[in-house]
Amino acid sequence: WSLTGTVNALLRTYLDCEAVLLNTNKLESQFIPMDVYPNPVSNWINVQFKLDTPVSRLELRLVNVNGQTVHQHTYGYAGRGDFRESYFIPESVQPGFYLLELVSEEKIIGRVKISVQ
């Protein structure tokens, strides 16, 4: 066992995961800016964003590096303006890198990378 070898292996894993997370079909600039904290997260994460128009259905989805939704919460109608919510990450979610996606009527309108510890 060596510290340098372990650090290099962790760094390679991080970079591999980041490459997968960044491989998206849409440009990040098309998304609504989202503030999330803390990041890395353990159980609860605070999410803030602004909607320019009301939406009839709003969801937050936690998506793993394989593109699978591992947890989601549906809010239904959301009016125009600032949105602040605390989002619970269940213990069943394994530590690692994820995307937190903001979805309106089955269209991804926001996305941010998070690390679950």
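Here the structure is a predicted model, which is why all the values come from computation and not from measurement.

## Remarks on the environment of Gly81
Its location among the elements puts Gly81 in strand β5 (residues 81–88). The class for Gly81 is buried, based on a relative accessible area of 17%. In this view, Gly81 contacts Phe49, Lys50 and Leu51; residues no more than four positions away in its chain are not counted.

## Describing the pairing of strand β6 (residues 96–104)
Of all nine residues in β6, seven are buried; the element is thus mostly enclosed. Where strand β3 (residues 55–63) and β6 come together, six bridges link them in antiparallel fashion. Paired with Arg61 across the two strands is Glu101, which belongs to β6. When β6 meets strand β7 (residues 107–116), the two strands line up antiparallel, connected through nine bridges. Each bridged residue has a counterpart across the sheet, and for Phe97 the counterpart in β7 is Ser115. Once β6 ends, the chain turns through two residues before running back antiparallel as β7, passing Glu105 with a positive phi of about 50 degrees.

## A word on the sheet that holds β7
The strand order across the open sheet formed by four strands is β4-β3-β6-β7, and the pairing between neighbours is antiparallel. Only two strands of the sheet have a single neighbouring strand rather than two, namely β4 (69–78) and β7. Between one strand axis and the next, the sheet turns through 15 degrees on average, direction left out of account.

## Observations regarding the side chain of Arg61
One can find Arg61 in strand β3. When its relative accessible area of 14% is taken as the criterion, Arg61 is described as buried. Polar side-chain contacts of Arg61 include one of 2.8 Å to the side chain of Glu59. Those residues in contact with Arg61 that sit more than four places away from it in its chain are Thr69, His71, Gln72, Tyr87, Leu99, Leu100, Glu101, Val103 and Glu106.

## Here's the deal with the pairing of β3
For β3, a buried count of seven out of nine residues is recorded, marking the element as mostly surrounded by other parts of the structure. Sheet topology note: the β3/β4 ladder contains seven bridges and is antiparallel. Its bridge partner lying in β4, Leu58 is registered against Gly76. Turn length for the β3-β4 hairpin, with the two strands adjacent in sequence and antiparallel, is five residues, and the turn residue Gly67 shows positive phi of about 85 degrees.

Conventions adopted
Residues numbered from 1 in each chain as written. Predicted model: local features only at pLDDT ≥ 70, side-chain atom pairs only at ≥ 80, totals over all residues. Heavy atoms only, no water. Helix = DSSP H or I, 4+ residues; strand = E, 2+ residues; numbered from the N terminus. Buried < 20%, exposed > 50% of the residue type's maximum accessible area, 1.4 Å probe, protein only. Contact = heavy atoms within 4.5 Å. Pairing = 2+ DSSP bridges. Axes fitted to C-alpha atoms, helices over the stretch in contact; angles between N-to-C directions. Polar contact = N/O pair within 3.5 Å; in protein donor to acceptor, adjacent residues only side chain to side chain.

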